[in-house]
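Listed below are the residues making up each chain.
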Amino acid sequence: MSASSAFNDEKGGSSSVGEPEYGHDPASGGIFSSDYKRHDDLKEMLDSNKDSLKLEAMKRIVADPNQLIRASALRVLSSIRVTIIVPIMMLAIKEAASDMSPYVRKTAAHAIPKLYSLDPEQKDQLIEVIEKLLADKTTLVAGSVVMAFEEVCPERIDLIHKNYRKLCNLLIDVEEWGQVVIINMLTRYARTQFLNPNINESLLEEGGSGDKTFYGSDEDEDEDEEEKEKKAEVAAMAKRKPYVMDPDHRLLLRNTKPLLQSRNAAVVMAVAQLYFHLAPKAEVGVIAKALVRLLRSHSEVQYVVLQNVATMSIKRRGMFEPYLKSFYIRSTDPTQIKVLKLEVLTNLANETNISTILREFQTYIKSMDKDFVAATIQAIGRCATNISEVRDTCLNGLVQLLSNRDELVVAESVVVIKKLLQMQPEKHSDIIKHMAKLTDNIQVPMARASILWLIGEYCEHVPKIAPDVLRKMAKSFTNEEDIVKLQIINLAAKLYLTNSKQTKLLTQYVLNLAKYDQNYDIRDRARFIRQLIVPTEKSGALSKYAKKLFLALKPAPVLESPFKDRDHFQLGSLSHLLNAKAGGYQELPDWPEAAPDPSVRNVEVPEWTKCSSREKRKEKKVEKPFYTDSEGESGPTESADSESDSATGSESSSGSEESGSGSESEESKEASESEEEEEEEEEEEKKKKKKDLKKPVQERVFLQTIAPSSTLKSYELLHRITGEGLSVEYCFSRQPFSPDANMVAVQMQFTNNASSDTKNLHIEDVKLQSGMRVKEFPEIELLPAGETATAVMGIDFCDSTQAANFQLCTHTRKFFVSIQPPVGELMRPVFLTENEFKKEQGQLMGMNEITEKLTLDVKCRNEHTIVQRVTTAANLSRVPCGSDKEFAGRTVTSGSLVLVTVATKEEGAAQLTVNCEKMVIGTMLVKDILQALTQ
Amino acid sequence: MIHSLFLINHLGDIFLEKHWKSVISRSVCDYFFEAREKAVDPENVPPVLQTPHHYLISIYRGKLFFLSVIQTEVPPLFVIEFLHRVADTFQDYFGECSESVITDNLVIVYELLEEMLDNGFPLATESNVLKEMIRPPNILRSVVNTLTGGSNVGETLPQGQLSNIPWRRAGVKYANNEAYFDVTEEIDAIVDKSGTTVSAEIQGVIEACVKLSGMPDLTMSFMNPRLLDDVSFHPCVRFRRWESERVLSFIPPDGNFTLMTYHISSQNLVAIPVYVKQSINFFEAGSCGRLDITIGPKQTMGKTVEDLKVTIHMPKAVLNANLTATQGNYTYDCTTKMLVWDIGKLNPQKLPNLRGSLSMQTGVPNPEENPSLNIDLKIQQLAISGLKVSRLDMYGEKYKPFKGVKYVTKAGKFQVRT
């Protein structure tokens, strides 16, 4: 346990890690030493409590140099469930929430619900902390803080706006449990912020016109549809334009889709429910495959998944139809799984597959598992009511089952047949006769009651048998179960009304027996019926209508799935499973009729000027998502200290985010329109792309460099103080590196500021990420004092911004240096005509396209400056004669196309589009160019 | 989220409880026992139960119930998946997940549970991170610990949970660097009476045992990746790379792990390796039955079928079986009504046959149902789907690892209806 290990350390180390150390600690000292004093009064308070544990924990939270100790201490402190420490806990959480280690911040997020359950009064303060942590940019924190959000303030959806896009983008790298929580929360969020993507489509089942008659429920559904259509009309009237998916809505769908491949069933289910609730109908299908895969998992997982599939298969049958066979039942499945599979099979039944399904059902009926057989019979009944073509076949099959040896089977068949007969009784008097005979043998009360009801209801069809049945029943009345007794009374009353000559005495007898029954329901019923049917002087006006009351035409029952309409609960939730609202369940809101302002999610681009370039690099490294790197780079284990910079960096940027502007709504509308067009094309594009992937794209590469129009930026490799007089600067010369075309040329300038000569300048001990290569520059034998020399080396960065680390050696010393390329240097310009550009761009849509809106810097509004700034930021060449400002290049190693478009609009508004197969490169390039254009 | 956990053995004794928030009385389990009673079979206990104040979510693993108590809305799969992860962790630590092993290692179990959940929310579930904090037991350490009073809590601070590849710790060193991959495919099939395939699917899994020093970056490519259209990966696999190039690129966890699982659905044509000719009849007269089963090879791709076994769950009325097998042995358990015929290797020249009579209970009507046959089999060196690993490359480290891939095809839920 880390908690106890923290204690061990505390005991062992308290003497060595004494108080004087606080100031020395490089990581925390500077920031927290003043805070420590502030807690002196707390210390007194705690001492009076004689609880040194709390104090010790508090001390650690504030001051231990090791992030793990700080985190464990907070965990211990927050797990003490004593109200007296609430203020201290609050302070500790606030402190930890601005800790530089993301792990400590994660622990702070974990502590929030603990404090909240201890003292709900702290809610407002805790929300502030949550707000702050939500702005955190690390994957480690994201899951935990959303969990805290869900527990403390799930209604504060406004806190999510600014963090929405970030959460979507981080999602794939968050740990799996956090993913589940975030996806569920985002589902709810999306329901409040976006428009229903299916609003313009008719909500008919995919199966076609025949479906409408399947479900007994179709009337309701029709109403539903009408309502929705009305809504749609209203919406359409109001807007007078077709549905346009918000790009943020698309972002969510796009970023969650890969998680369907997760090994964690809960994640897969979370994505599935997100798609079910949010995706356009045409796209929901992707989840079926993943859900079917889960059916191979543990039986508990199967149970939950099947429940959800059952609900989904009512609304979206077509989605699971191809997987029909995966729901076939094995004799070894547990009964509860069998029953659920049966439910799904029944939901999936239609005219085309009903014969196969019925054949399957036939095998199931022979099963040894009687509960399952009963469920199968029910299922057959439902198929029969839903699909009129097979009604007679089913009925015949069920009648055959009446001669089954097992009583349960017979009883269940009777109940189902009763329901089926109600639909067309006149055709089936022989079946009713057959059933009347069964009363001698069948003992299951429900079945007996059903038969009696049938005979009573259709006594005209069996005029001879009915009185005889009543006679037998009267004989055994006292031994019957209550429901059977009630039906006997019922039968007697109906017969008395239709055939009083034969049955008068019998009825009297039955009513007399019932009068003295132990059950008051039965006594009441007998009294009521006697008054109603037997005419006396006192009998009221009602008795005239007795016949109408009893022998009214009754509507046939609707056999519907118990899973119908369960989808008003969020799928995958406990409430959905239980079909009852569980405590703490957050309702899934209905789609809004008009989308709320999408600009609330806009986040102002962080001002990079505030943090030095070093910090920026570091942050990128930390943030680098694991999955998205396509180039086999391995992120090394981050240590606490290396992250400290990024933490402060993110804080400063989060501060600036809050001042996000809301003036971009117009633009974003336009953007979303163009997005929509892309969406339509996307499918086709994808297909095209697949075909085109194999044939290399033809293009003319001008090997002679298209000279960069801007001055080269130089970076420092070795400062003259650390280098003991030797200073080295490098720049990316943007010239082709002749020994190897796949390498980026790095031009180095060595200056010897020392008073003595430097000899044998060369490179040693190159440490590279896999795949990267370095071509060293030839050794510089002598660099006299005060002189300057240049050399060119080549580095194949493998299209990644991983640093190349090596030692720069002189005859006396070795210096560790590293070169990390800005992403713009990982490409070389190519010449494309505008047509070629458009063509290539068309093939790099969808995931490969990143679009950002920006407001151009005031000084950067004319074409020339824009071109200059873009070409400075990235080694690209401008497409000549382009209508917009278009730039093209290829990555140096893999030769993937990089296409950049800057479309300017009035008043400095502009849109930046980057199309690149390598998404990591694309994302980073967008950031860099954005920065170049907005500063 | 998860409030408490109870471990219950098959007798219905609660032998371990752990509370992450406040203590909840054991009596909450009574609702579960009631449902357990009603379900007859432990597999039929509903995984989710509602009680007046709590919700109970349970899993059944290795004859044990893991019962968690929930107070508010939480996705049930979240809890179920987590409970299975707990059971997996026990299995990983102690080699098995049984009552005796858990009670023997109570200290470690509690330590693990403490770390895996914080206030009911999963904290560290990655085996690599846990092992860094709490060392798995071994004989030497437990002896030393008893003598010195030491504990098995790791001495160093666990850095694993800080890394962005939490599944691998830094500084792994091996004298022999090796990476083994087992491609195991299971055929799930339903074959009907006449021998036609009703449904057939393949469940494939690639298990890996990777013992490589340093931070190796592996790339595995397949001859025919098109086969894999429905896959799920260990978090270490770079998904985008798979999407674009259909290769598995990953930094592997240290030791044993499941790299990926895949599913080839019934829409594809699945080869069925054996055929079964069977006839099981029960006669009214003389209260006996006849059984005749022959198994032969069908689509075995030229490989031998091994470990062939047929299991039949007979109807209750069957008292005994008097059979002769031309190959292998059969046993009939009168209490569980299970007939097991262990055949072994399938010889295509001389097909194994089992025939004879079944004695039935007198005075009881004939069973209507026909028992279905469950087939077990194994084929070495074959992945029935045709999947083949074409190469495995390692980047990031200098040494040359020893690499190996093994293929096995097994019968999963392979059922022949009669």
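The rules behind these values
- Residues numbered from 1 in each chain as written.
- Chains lettered and ligands numbered in written order.
- Predicted model: local features only at pLDDT ≥ 70, side-chain atom pairs only at ≥ 80, totals over all residues.
- Heavy atoms only, no water.
- Helix = DSSP H or I, 4+ residues; strand = E, 2+ residues; numbered from the N terminus.
- Buried < 20%, exposed > 50% of the residue type's maximum accessible area, 1.4 Å probe, protein only.
- Contact = heavy atoms within 4.5 Å.
- Areas by Shrake-Rupley, 256 points an atom, 1.4 Å probe, with all protein chains shown as cover.
- Pairing = 2+ DSSP bridges.
- Axes fitted to C-alpha atoms, helices over the stretch in contact; angles between N-to-C directions.
- pLDDT = per-residue confidence, 0-100.
- Phe/Tyr/Trp six-rings, centres within 6.5 Å; stacked < 30°, edge-to-face > 60°.
- Expected span 1.5 Å × (residues − 1).
- Arc of directions from axis to C-beta.
- Polar contact = N/O pair within 3.5 Å; in protein donor to acceptor, adjacent residues only side chain to side chain.
- Buried area = accessible area lost by both parts, 1.4 Å probe.
- Salt bridge = Lys/Arg side-chain N within 4 Å of Asp/Glu carboxyl O.
- Parallel < 35°, antiparallel > 145°, perpendicular 65-115°, else oblique.
- Left-handed = near helix turned anticlockwise from the far one by under 90°.
- Nonpolar A, V, L, I, M, F, W, Y, C, P; charged D, E, K, R; others polar.
- Core = buried A, V, L, I, M, F, W, Y, C linked by side-chain atoms within 4.5 Å.

Asker: Any chance you could explain the overall build of chain B here in plain terms?
Answerer: Check the secondary structure of chain B and you find seven helices and 23 strands. Here chain B holds 418 residues, and the buried ones make up 57% of them. Sequence separation of at least 24 residues holds for 68% of the intrachain contacts in chain B that already meet a minimum separation of 6. Roughly 17,500 Å² of accessible area belongs to chain B as shown, and the carbon and sulfur atoms make up 50% of that amount.

Asker: Where do I start with the overall build of chain A in this structure?
Answerer: Along chain A, the regular secondary structure elements total 39 helices and 15 strands. For chain A, the proportion of its 935 residues judged to be buried stands at 57%. The long-range fraction of contacts in chain A, counting pairs at least 24 apart against all pairs at least 6 apart in sequence, stands at 69%. Accessible surface, chain A as shown: approximately 40,000 Å² in total, 51% of it carbon and sulfur.

Asker: Explain the sheet that holds strand 20 (residues 353–360) of chain B here, please?
Answerer: The strands making up a sheet associate through backbone hydrogen bonding, with each pair oriented either parallel or antiparallel. All names here are of chain B. Strand order in the open sheet made by the four strands is 14-15-20-17, with antiparallel pairing throughout. Two strands in the sheet have a free side with no partner beyond their single neighbour: strand 14 (274–283) and strand 17 (318–325). Geometrically, the sheet is characterised by an average inter-axis angle of 15° between neighbouring strands, direction not taken into account. Pairing geometry for strand 15 (residues 288–297) and strand 20, over seven bridges, is antiparallel. In the strand pairing of strand 20, Leu291 is matched with Gly356.

Asker: How should the pairing of strand 10 (residues 217–222) of chain B be read in this particular structure?
Answerer: As a general feature of sheets, a regular strand has side chains that alternate between the two faces. Residues and elements named next belong to chain B. Counting buried residues in strand 10 gives six out of six residues, a clear majority hidden from the surface. Alternating residues of strand 10 divide into Asp217, Thr219 and Ser221 and Leu218, Met220 and Phe222, and every residue in both groups is buried. Relative to strand 22 (residues 389–395), strand 10 is paired through six bridges, and the arrangement is antiparallel. In the sheet register, Phe222 faces strand 22, and the bridge partner there is Val389. Pairing between strand 10 and strand 12 (residues 247–250): four bridges, direction antiparallel. Note that in strand 12 the partner of Leu218 across the bridge is Phe250.

Asker: Explanation requested: the pairing of strand 2 (residues 726–736) of chain A in the structure shown.
Answerer: Residue and element names in this part refer to chain A. Of all the 11 residues making up strand 2, eight are buried; the element is thus mostly covered by neighbouring parts of the structure. Two strands pair when backbone bridges link them, and strand 1 (residues 714–718) and strand 2 are joined in this way by four bridges, in the antiparallel orientation. Bridging across to strand 2, Ser714 finds its partner in Cys731. Relative to strand 3 (residues 744–752), strand 2 runs antiparallel, the two sharing eight bridges. When the bridges of strand 3 are listed, Cys731 appears paired with Gln747.

Asker: Just to check I follow, could you spell out the confidence of the model for chain B for this structure?
Answerer: Low-pLDDT portions of the prediction should not be read for the details of their coordinates. All names here are of chain B. Mean pLDDT over chain B works out to 86, with 92% of the residues at or above the 70 mark. Summarising per-element confidence for chain B, the mean pLDDT is lowest in helix 6 (residues 139–148) (67) and highest in strand 5 (residues 64–70) (93). Reported confidence for the predicted complex is 0.89 by ipTM and 0.68 by pTM.

Asker: Any chance you could explain the packing of aromatic side chains here in plain terms?
Answerer: Enumeration according to the criterion identifies 24 aromatic pairs over all chains in this entry. Centroid distance A:Tyr164 to A:Phe194: 5.9 Å. Interplanar angle 70°. Geometry classified as edge-to-face. One end of the pair, A:Tyr164, is in helix 11 (residues 164–170); the other, A:Phe194, is in the loop between helix 12 (176–193) and helix 13 (211–214), and 30 residues separate them in sequence. Here the two residues A:Tyr164 and A:Phe194 agree in accessibility, since each one is buried. Note on B:Phe222 and B:Trp242: the rings are 6.5 Å apart at their centroids and 85° apart in plane angle, and the pair reads as edge-to-face.

Asker: What am I meant to see in helix 31 (residues 520–533) of chain A here?
Answerer: Every α-helix winds through 3.6 residues per turn, so residues three or four apart in the chain are directed the same way. Residue and element names in this part refer to chain A. Over its 14 residues, helix 31 runs 20 Å from end to end, which matches the ideal 20 Å to within 8%, given 1.5 Å per residue. Listed as buried for helix 31 are Ile522, Ala526, Ile529, Leu532 and Ile533. Projected onto a plane normal to the axis of helix 31, the buried residues spread over an arc of 135° and lie on a single side. By the N-cap criterion, in which a side-chain oxygen at the helix start approaches the backbone nitrogen of a residue two or three places on, helix 31 is capped by Asn519, the distance to Asp521 being 2.7 Å.

Asker: So what exactly am I meant to see when it comes to the interface of chain A and chain B here?
Answerer: The parts lose accessible area when they come together, and the size of an interface is often stated as this lost area. Across the boundary between the two partners, chain A contributes 93 residues, which contact 94 residues of chain B. Approximately 8,600 Å² of surface area, both sides summed, lies buried where chain A meets chain B, with 55% of it carried by carbon and sulfur atoms. Along the contact surface separating chain A from chain B lie 10 salt bridges. In this structure, B:Glu186 engages A:Arg296 in a salt bridge whose closest nitrogen and oxygen atoms are separated by 2.7 Å. Put simply, chain A and chain B have 33 residue pairs in polar contact (both at pLDDT 80 or more) between them.

Asker: Help me understand the sheet that holds strand 2 (residues 14–19) of chain B, please; the structure alone is not making it clear to me.
Answerer: Residue and element names in this part refer to chain B. Read across the sheet, five strands follow the order 2-1-5-4-3 without closing on themselves; strand pairing throughout is antiparallel. On the outer flanks of this sheet lie strand 2 and strand 3 (48–50), each paired with one strand and no other. Looking at each pair of strands side by side, their axes are set apart by 20° on average, direction ignored. In terms of strand pairing, strand 3 meets strand 4 (residues 55–61) through three bridges, oriented antiparallel. Within the sheet, the bridge partner assigned to Val48 lies in strand 4 and is Ile57.

Asker: Looking at this structure, I do not really get the confidence of the model for chain A. What am I missing?
Answerer: Averaged over all residues, the pLDDT of chain A is 75; the fraction at 70 or higher stands at 76%. Ranking the elements of chain A by mean pLDDT puts helix 2 (residues 21–24) of chain A last, at 34, and helix 16 (residues 265–278) of chain A first, at 93.

Asker: Where do I start with the pattern of salt bridges in this structure?
Answerer: Once the charged atoms of two side chains with opposite charge are near each other, the side chains can pair. Per the stated rule, a full pass over the model turns up 47 salt bridges over all chains. A salt bridge links A:Glu360 to B:Arg417; the shortest N-O distance between them is 2.8 Å. Remark: B:Arg417 occurs in the segment after strand 23 (402–416) and A:Glu360 occurs in helix 22 (residues 354–365); the pair is interchain, linking two chains. A relative accessible area of 8% means that B:Arg417 is categorised as buried. Here the residues in one salt-bridge network are A:Arg75, A:Lys114, B:Lys18, B:Glu114, B:Glu115 and B:Asp118, joined through shared partners.

Asker: Would you take a moment to explain the packing of helix 21 (residues 335–348) of chain A against helix 22 of chain A for this structure?
Answerer: Helix packing for two helices is described by the angle between their axes and how far apart those axes are. All names here are of chain A. Contact geometry for helix 21 and helix 22: axes closest at 11 Å, N-to-C directions at 155°. As judged from the angle between their axes, helix 21 and helix 22 are roughly antiparallel. Crossing handedness for the pair helix 21 and helix 22: left-handed. Taken together, the residues of helix 22 that come into contact with helix 21 (itself represented by Leu342, Leu345, Thr346 and Leu348) are Ile357, Phe361 and Tyr364. Residue classes in the contact of helix 21 with helix 22 are distributed as six nonpolar, one polar and no charged.

Asker: I'm lost on unusual backbone geometry in this one. Help?
Answerer: Negative phi is the rule for most residues except glycine; trans is the rule for most peptide bonds. All names here are of chain B. In this model, Met301 sits at a positive phi of 55°, which is unusual for a non-glycine residue. With a phi angle near 60°, Gln381 is a residue other than glycine that sits in the positive phi range. Among the secondary structure elements, Gln381 is positioned in the loop between strand 21 (373–380) and strand 22. Gln381 sits in the partly exposed class, given a relative accessible area of 47%.

Asker: Where do I start with the packing of helix 25 (residues 407–421) of chain A against helix 27 (residues 445–457) of chain A in this structure?
Answerer: Residue and element names in this part refer to chain A. Between helix 25 and helix 27, the least distance of the axes is 8 Å, while the angle of their chain directions is 30°. The pairing of helix 25 with helix 27 is recorded here as roughly parallel in orientation. In the packing of helix 25 onto helix 27, the handedness of the crossing is left-handed. Between helix 25, through Ala411, Val414, Val415, Lys418 and Leu421, and helix 27, the contact on the second element is made entirely by Met446, Ala447, Ser450, Ile451, Trp453 and Leu454. Its residues placed into classes, the contact of helix 25 with helix 27 shows nine nonpolar, one polar and one charged.

Asker: How should the nonpolar core be read in this particular structure?
Answerer: Across soluble globular proteins, nonpolar side chains show a tendency to be buried alongside one another. Formed by 233 residues in total, the largest nonpolar core has its most connected members in A:Phe327, B:Phe66 and B:Phe90. A total of 12 residues in this core trace back to one element, the largest contributor, which is helix 16 of chain A. Leaving out residues up to four positions away in the same chain, A:Phe327 has contacts with A:Val292, A:Leu295, A:Leu306, A:Val309, A:Phe320, A:Lys341, A:Val344, A:Leu345 and A:Leu348.

Asker: How do you make sense of the environment of B:Gly412 when you look at a structure like this?
Answerer: Residues and elements named next belong to chain B. Relative to the helices and strands, Gly412 resides in strand 23. Taking C-alpha positions, Gly412 is 4.7 Å from Glu186, a pair spaced 226 residues apart along the chain. Among residues more than four places away in sequence, those in contact with Gly412 are Glu186, Ile187 and Asp188.

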